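# Reading the structure
Read off the chains here:
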Amino acid sequence: MKSFSMCIAVTILLNLSASMTAAEKTAPVRMGSGAMTFDTVPGWGLGADGKSVLGPTHGGVTIDKAGNIYTSANKGVVVFSPDGKVVREFLGKAYSDLHDIEVRDEDGTEYIYGARNNNAEGIKFRSTDGEIVLKLGFPEESGLKLEKFNPTAITVAPNGDIFLADGYASDHIFKFDQTGKYLMYFGSKGNGLKQFNTAHGMTLDTRYNPPRLLICDRNHQPKGRLLHYDLKGEFIAEVVTGLGMPTSAAVQGDYVSVPDLHGRLVILDKSNTIIAVLGHNSDPKTRVNFNVPQSQWIEGIFSGTHGSYWDKDGNLYVQDWNVSGRIMKLVRVKTSALLIGGHPPQQ
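Just so it is clear, the model here is predicted, and its values are computed rather than measured.

## Focus on the sheet that holds strand β6 (residues 86-91)
With respect to topology, 4 strands assemble into an open sheet ordered β3-β4-β5-β6, the strand pairing being antiparallel. The outermost strands of the open sheet, each flanked by one partner alone, are β3 (61-63) and β6. This sheet shows a mean twist of 20 degrees between the axes of neighbouring strands, independent of strand direction. As defined by bridge partners, β3 adjoins strand β4 (residues 69-73) across 3 bridges and the pair is classed as antiparallel. When the bridges of β4 are listed, T62 appears paired with Y70.

## Some words on the pairing of strand β21 (residues 264-268)
By the criterion of burial, β21 is predominantly enclosed, with 5 of the 5 residues buried. Every second residue of β21 is oriented toward a common face, with R264, V266 and L268 on one face and L265 and I267 on the other, all of them buried. Pairing analysis gives 5 bridges linking strand β20 (residues 255-260) to β21, with the strands arranged antiparallel. When the sheet's bridge partners are listed, P259 is paired in β21 with L265. Turn length for the β20-β21 hairpin, with the two strands adjacent in sequence and antiparallel, is 3 residues, and the turn residue G263 shows positive phi of about 85 degrees. Here 4 bridges tie β21 to strand β22 (residues 274-278), and the two strands are oriented antiparallel to one another. Looking at β22, one finds that I267 is bridged to A276.

Scoring rules and cut-offs
- Residues numbered from 1 in each chain as written.
- Predicted model: local features only at pLDDT ≥ 70, side-chain atom pairs only at ≥ 80, totals over all residues.
- Heavy atoms only, no water.
- Pairing = 2+ DSSP bridges.
- Helix = DSSP H or I, 4+ residues; strand = E, 2+ residues; numbered from the N terminus.
- Axes fitted to C-alpha atoms, helices over the stretch in contact; angles between N-to-C directions.
- Buried < 20%, exposed > 50% of the residue type's maximum accessible area, 1.4 Å probe, protein only.

Following this line, the structure appears as structure tokens:
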């Protein structure tokens, strides 16, 4: 009888232990709505010790044709496989502080374009080995007498022309040809209809023909907004207003993801209607806040959303502006799972 009681006690303890282990394991969080519903992937991109491998992040995200994910941190660029393992890194002074990055295939070779706000330049380097093939400094030919030059965003037109936004200084957007020759600039600082109050993010909006520039006017008053300009630097329209602090934009098909420093990411459709909000942070103490350490991260809640990019399957990779260095993978939920009323899979 004593032996039987002991067996029961051991069984109860084992079951309790298993329950505690399951409870301690972070579960995926479902977010979004309709076709834009996603599940988080807890622990994606973390090291074997469960810690961030990035160090402080204040950058962007892009993805090459092989599906590798590039994200820029203060220390340089870290490249992950789709399952979150580091496959290569470009570190040191030449690659540090890339505020925005974008990948482009040019005759079968992929290049990373980057805006380095602290280093007053745009750069272009080969994605496989990091060889820098082009640098874009302040163009003296513009005739401007600027006290500072702090580029925050970069994008490339179909013909290879390069646009570099001086979002942390003059709010001019500079245009170069594919060789780096200065062509022109447009835009000015202010809160007028056609002006920028921190031209923080920019991408080529391929939802339209011909493509146009989609520019994040982060600090526009009273609220942040998105603007369209054509590739000649002419104002087209105010796209959407009433945002918080839109930091960047990434386009896939008819959709665009827009990270917001207020701790959320919004998704717009072709009509530029917001159709989903991801990772919304309702706590004013932890949104727009760089100093949220990893120990205080909450699964499915963003703190200072800064960069994003889509993979070919419609999954999203999102970077927070963060002291510990945070990047998250959001897996797009298939429509069939939504119709069945599916729940996030246990990781």
